[in-house]
Amino acid sequence: MRHVNLLLAATLVAGLSAGTAQASDDAEIRLGIDLPYEPFMYRQADGELAGFEIELGEAVCDYLDATCVWVEQDWDGIIPGLLARNYDGIMSSMAITEERARQVLFSDPYYTTPSAWFSLRDREIDIEDRDSLEGLVVGVQRATLQDNYVSELYGDLVEIRRYTSGDDVLADLRAERLDLTFLDAPVAESSMDLDAEDTRFQRVSDFIKEPEHIFGQGVGVAFRKRDRELAERFNEALAALKEDGTYDAIMARYFNYDIKL
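The following paragraphs examine the structure supplied in this document. Throughout this document, residue positions are counted from 1 along each chain, in the order its sequence is written. pLDDT decides what is reported in this predicted model: residues at 70 or higher carry local features, side-chain atom pairs at 80 or more are listed and counted, and totals for whole chains, interfaces and linings draw on all residues regardless. Side-chain metrics in this entry use all non-hydrogen atoms of the structure; hydrogen atoms and water are not considered.

On to the environment of isoleucine 259, then. Only DSSP runs of H or I covering at least 4 residues are called helices, and only runs of E covering at least 2 are called strands; the numbering of each starts at the N terminus. Within the secondary structure, isoleucine 259 sits in the segment after helix 9 (246–252). Using a relative accessible area of 1% as the deciding quantity, one classes isoleucine 259 as buried. Spatially, the C-alpha atoms of isoleucine 259 and phenylalanine 182 are 19 Å apart, while their sequence positions differ by 77 residues. Apart from residues no more than four positions distant in its own chain, isoleucine 259 is found in contact with Phe40, Phe52, Tyr110, Tyr111, Thr112, Thr113, Tyr247 and Met251. Think of it in three bands: residues with accessible area under 20% of the maximum for their type are buried, residues over 50% are exposed, and the middle band is partly exposed, with areas taken using a 1.4 Å probe on protein chains only. It only takes one pair of heavy atoms within 4.5 Å for two residues to be counted as in contact.

This is the structure we're talking about:
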């Protein structure tokens, strides 16, 4: 993978116009991300960024003759950061929903994954028995679809604790300060190592992708509404990478099942 630059604050970028952000030769495209969100985006031991979306974003930028500049931003401020022009797009596992589409312009969807309920391995929890969930403490990452799902469907039953990152959720689950968590399934499986014999965690539900009004229509890159041409160029690049096999090659490095849309 090409060396990845990370900006921790907004910068003015040469090669992008002061009006609508467009990719051109030797341009930089700033993409907002929330770290860590393994296997989609995370930092390796050497400090370099890695993950499915990091590699896919780099491939998109290569196709557009541009350089990706990755800007770190906590999730609950990631759309405000885009609207404040701290970066040109958000490529950070953002599901396309009607509520978000009122604020931002989405690219075509490029992947979809399910969510699921997880607990400690020694707990006996029946998600289908709603009455048995009353009073349990559930951890979610703040302002995510998973937060919305638990709040809407279980907010009258459980105590919800909201965290800035998925790592914080898992830390409190591991410390037995939570009974349950509801997370993006690939992220949870990557962090929990569920296949290991000595894992402390278990999945206690089927994979969940509905209702659509919560989970949306897949994940897309988010842009400011005025940056339609940049969104169209991302769509062109994503379609080309799916067509020439680049997308599949990147996907195979992180998943043993198909997430492509």
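Still more to cover.
Residue types Ala, Val, Leu, Ile, Met, Phe, Trp, Tyr and Cys, when buried and joined through side-chain atoms within 4.5 Å, form a set referred to as a nonpolar core. Among the nonpolar cores identified, the biggest contains 41 residues, and Phe40, Phe52, Leu56, Tyr110 and Phe234 are the most heavily contacted of them. Within the residue set of this core, elements represented by two or more residues are strand 2 (27–33), strand 4 (49–50), helix 1 (52–63), strand 5 (66–72), helix 8 (228–243) and helix 9. Excluding anything up to four places from it in sequence, phenylalanine 234 contacts Ile29, Leu31, Val60, Leu64, Val221 and Phe223. Counting 21 residues, the second-largest nonpolar core is a separate cluster that includes Leu133, Tyr149, Val158 and Ile214.

What follows is about the state of the cysteines. For this text, the term disulfide refers to a pair of cysteine sulfurs within 2.5 Å. Taken as a whole, this structure holds one disulfide when the rule is applied. Covalent S-S linkage joins cysteine 61 and cysteine 68, the inter-sulfur distance amounting to 2.2 Å. Handedness here is read from the sign of the S-S torsion; for cysteine 61 and cysteine 68, about 90 degrees, the answer is right-handed. Given a relative accessible area of 0%, cysteine 61 falls into the buried group. Relative accessible area serves as the criterion here: at 0%, cysteine 68 is assigned to the buried category.

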